[in-house]
Every structure is written in C-alpha cells, then in structure tokens.
Amino acid sequence: MVKSDFGYNSKVEGEVIVTRADAVVNWVRSNSVWPMPMGLACCAIELMAAGGSRFDISRFGMEVMRFSPRQADCMIVAGTVTYKMAEVVRRIYDQMAEPKWVVAMGACASTGGMYRSYATLQGVDNIVPVDIYISGCPPRPEALLDGMMLLQEKIRQEGGSLRRTFRGRTIETKIVS
Amino acid sequence: MDAAALTSRFPATQDLAGKDMPTFRVAGADLLAAVAFLRDAQGFDLLADLCGVEWKDRPTRFGVVIHLLSTTHREYVRLHVDAVGDRVPSVSSLHPGANWHEREAFDMFGIVFEGHPDQRRILMWDAYPYHPLRKDFPLAGIEVEFPAADVAEVTGKKVVPAPMMGGPFVSHGGKLSEGEPTALDQSWNEQHPKA
C-alpha cells in the first residue's frame, strides 16, 4: 500500500488516524481473501501444495479455503474447463457474493491450453470476468502465490469499495458521521 | 483358452489369429451367448475393456472391440463385433461394468447398444448433436449452442471450433521440429494480441 493512504502523525493527531474509506476497506479485503478452489485438473494439485506448510498460502491471509461459493470471494479456476463444466463454473460464480474475483490458474483456464478441441472452452474468460491470469502448465505454487499477491495489489487499487451490485442494481453504502 | 470350443459352438465365429492374445470376430447375433459362454465355461470373468471403432476398410462402418480377462487363468481374449447399421447388442446384462463403456461408445461414435439399461451420453452434454470421434468430425469441433441457455444468454457465447494453431494434436506430416515448439498459425501471439 502506498504510504500516503494513512496520514498518521502521533505527535499531531494523538490516537486519530485519517484515511479514506476505500483504503481501509481494500486493505481489509486484500488481507483476508477467501478463495474457493475450482479444481478441475492437475493445477488443483499445485493449488493444494500452495495450501500446504511448505508454500503456506496462509502467510498472505488466504488459507481459509471455502468449498461453498456463498462463503468465498475469490474463485481460483485451476484446470481445464470443458463446455459441459462451463455451465457449472458460471453458475457457481453467480452464487458468490460480491465483491468477488476470479483467478485463471494455468494455461487451460487462461486459454484452453493444449486442449484445442471440440470439448474444451478456450479460456474461462469466455464465461466469467477474470482478474488475474497465471501462466504455467501447471504453475508452481510460487507462481500461484505470485498471482495471488498481484490480486491483492489489484484489490488495493480498487475504487468504489462501498458500492456493490445486487440483481442488476447498484447499492451504495453511505457512511454517516 | 479353448478356441475350438468357441468356434464349434458358434460357427459364425472367425479366428483373427491375434498376435498378442486370442482374437475372434463374433457375429452380433452370437455376441451375448459367446460372452456368457466365455464367462461361465471358460472363466473369462472380468470385462477389461469395451470400445467403439470406426473401420475404414470394412463393409460395416462401426464395430465394437471387447477385451475379457480370466482372473483364474490369467489370460485375455479379444472379441470383434461388427455393428448392424449402428446397432450392437449390449453386454451390460452379463458384465455390469460394460454400462459406462457402452455409453462412451454411444457418445463418441453413435453406436446404439440394444438392451442397454441407460443409453445416454456420458462425456458430452445431453443435447450435443454430434458424435465427436467419428472420422468425418473435425477435431476443432462444429459450432453449436452453449449447453445451458441461461448461461449462453448472460455470456453471449456459443460452442465454437477451437483455433488449432498447430496445436499438439495437429499432425506436421511426420517431420519433427528441432527448435522451440511454436504454433504454425501466428495470427495470435505476443506481438499481435488476440482480437
């Protein structure tokens, strides 16, 4: 986070911190990403390794993997998305509460990878908006962590963090002082 | 494996002189009786594989190849069956494990298994109109509607032919490249982004 987000000088302001709502909300969100593993192929094995003690995704506050879309805010699409599965992926994405992000992990989820065939969706960005693409076949856990840190960076840059859409309507949360 | 017993019991059976295991071509009408005979009298109690085949040079376009294993004598036998039209009798009443294999052969080739308890597609979605492993079907696929209408409406997408781009399943005429693997089609690469 850029330093100017928090204007805090203990001598002048005592115990008061001046900041923007976006900065605080994004800071909280970026450090508690709850990923949902959409493990469809071998990339999911690397995703599991990233959750293990050696690579330890919990260093970034992301260890709370949820297998329910209702409780997750980041879908990690790890593997080959077939046309038959695409429907399910989209439906699960729709069930996630906002704010939500999608990470396309590996060549298959990003572009269809080596599966240039009648059965395979050529990139999950055809059906859901993707925030981060991670290269590799499969990417090593370090690459996944790098992508997730990039996602954190992206979350910190977002504006309008108090705004969300619900059934096509935009709802703005107002802070009253 | 008593080949003489099989051929004398089912005279239409033809010994194909398999190099790796005993191989026979069985008439479709004899198939169920022959598989039952091999299971009960010859000990071939395990269905190892069942797959569809599209022949290039046989009078019938489609066929089925069945591998049976005897767990007591530790030997295999292979049975070829020609489809009549596109129909073959189902052996899933004798070997329940054939159920999903037959569904796959139906899905990929359109071979209909008579007497199958649940003849549905198993890999492609139910409404898919083609049989992808047929020789006249292009590897890239054919444009059809998306499996789910509501998802198609939200995304505006269709199932479209995949860009082959010299991919791993495209034959290069037997010539092997010595350099880095690159796609033959360079219409979309690092210099020219995807349109």
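Residues numbered from 1 in each chain as written. Chains lettered and ligands numbered in written order. Predicted model: local features only at pLDDT ≥ 70, side-chain atom pairs only at ≥ 80, totals over all residues.

For the rest of this paragraph, the subject is the nonpolar core. In this structure, Met-75, Ile-76, Val-77, Val-89, Val-103 and Met-105 of chain A are the most contacted members of the largest nonpolar core, which totals 44 residues. Those elements that provide at least two residues to this core are strand S1 (35–39), helix H3 (43–51), strand S2 (74–78), helix H4 (83–95), strand S3 (101–105), helix H5 (106–111), strand S4 (132–134) and helix H6 (141–157) of chain A. Counting residues in each nonpolar core, the second largest holds 27 residues, with Val-35, Phe-44, Val-77 and Met-108 of chain B among its members. (Core = buried A, V, L, I, M, F, W, Y, C linked by C-beta atoms within 7 Å. Buried ≥ 20, exposed ≤ 12 C-beta atoms within 10 Å, placed from the backbone. Helix = DSSP H or I, 4+ residues; strand = E, 2+ residues; numbered from the N terminus.)

What the domain assignment reports for chain B is domain 1 (3–133) and domain 2 (138–170). Taken over C-alpha atoms, the centre of domain 1 of chain B sits 32 Å from the centre of domain 2 of chain B. (Domains from an automatic or database assignment.)

Let us now look at H4 of chain A. Here H4 of chain A contains 13 residues, and its C-alpha end-to-end distance of 19 Å stays within 8% of the 18 Å for a straight helix at 1.5 Å per residue. Those residues of H4 of chain A that sit buried are Tyr-83, Met-85, Ala-86, Val-89, Arg-90 and Tyr-93 of chain A. Seen along its axis, H4 of chain A keeps its buried residues to an arc of 145°; they face one direction. Where the residues of H4 of chain A are buried, they touch S1, S2 and S3 of chain A together with helix H4 (149–155) of chain B. (Expected span 1.5 Å × (residues − 1). Arc of directions from axis to C-beta. Contact = placed C-beta atoms within 7 Å.)

A few words on H3 of chain A. Residue and element names in this part refer to chain A. Looking only at H3, the buried set comprises Cys-43, Glu-46, Leu-47 and Ala-50. Projected down its long axis, H3 shows its buried positions confined to an angular sector of 105°, all on one face. Summarising the contacts, the buried residues of H3 are in contact with S1, S2, S3, H5 and H6.

Residues and elements named next belong to chain A. What the 4 strands build is an open sheet, ordered S1-S2-S3-S4; its pairing is parallel. The outermost strands of the open sheet, each flanked by one partner alone, are S1 and S4. On average, each strand axis in the sheet is tilted by 20° relative to the strand beside it, whichever way the strands run. (Pairing = 2+ DSSP bridges. Axes fitted to C-alpha atoms, helices over the stretch in contact; angles between N-to-C directions.)

So, on to the packing of H3 of chain A against H6 of chain A. A pair of packed helices can be characterised by two numbers: the angle between their axes and the separation between those axes. Residue and element names in this part refer to chain A. Following both chains from N to C, one finds H3 and H6 inclined at 75°, their axes separated by 8 Å at the closest point. One finds that H3 runs roughly perpendicular with respect to H6. Between H3, through Glu-46, Leu-47, Ala-49 and Ala-50, and H6, the contact on the second element is made entirely by Pro-141, Leu-144 and Leu-145. Tallied by class, residues from the contact of H3 with H6 come to 6 nonpolar, no polar and 1 charged. (Parallel < 35°, antiparallel > 145°, perpendicular 65-115°, else oblique. Nonpolar A, V, L, I, M, F, W, Y, C, P; charged D, E, K, R; others polar.)

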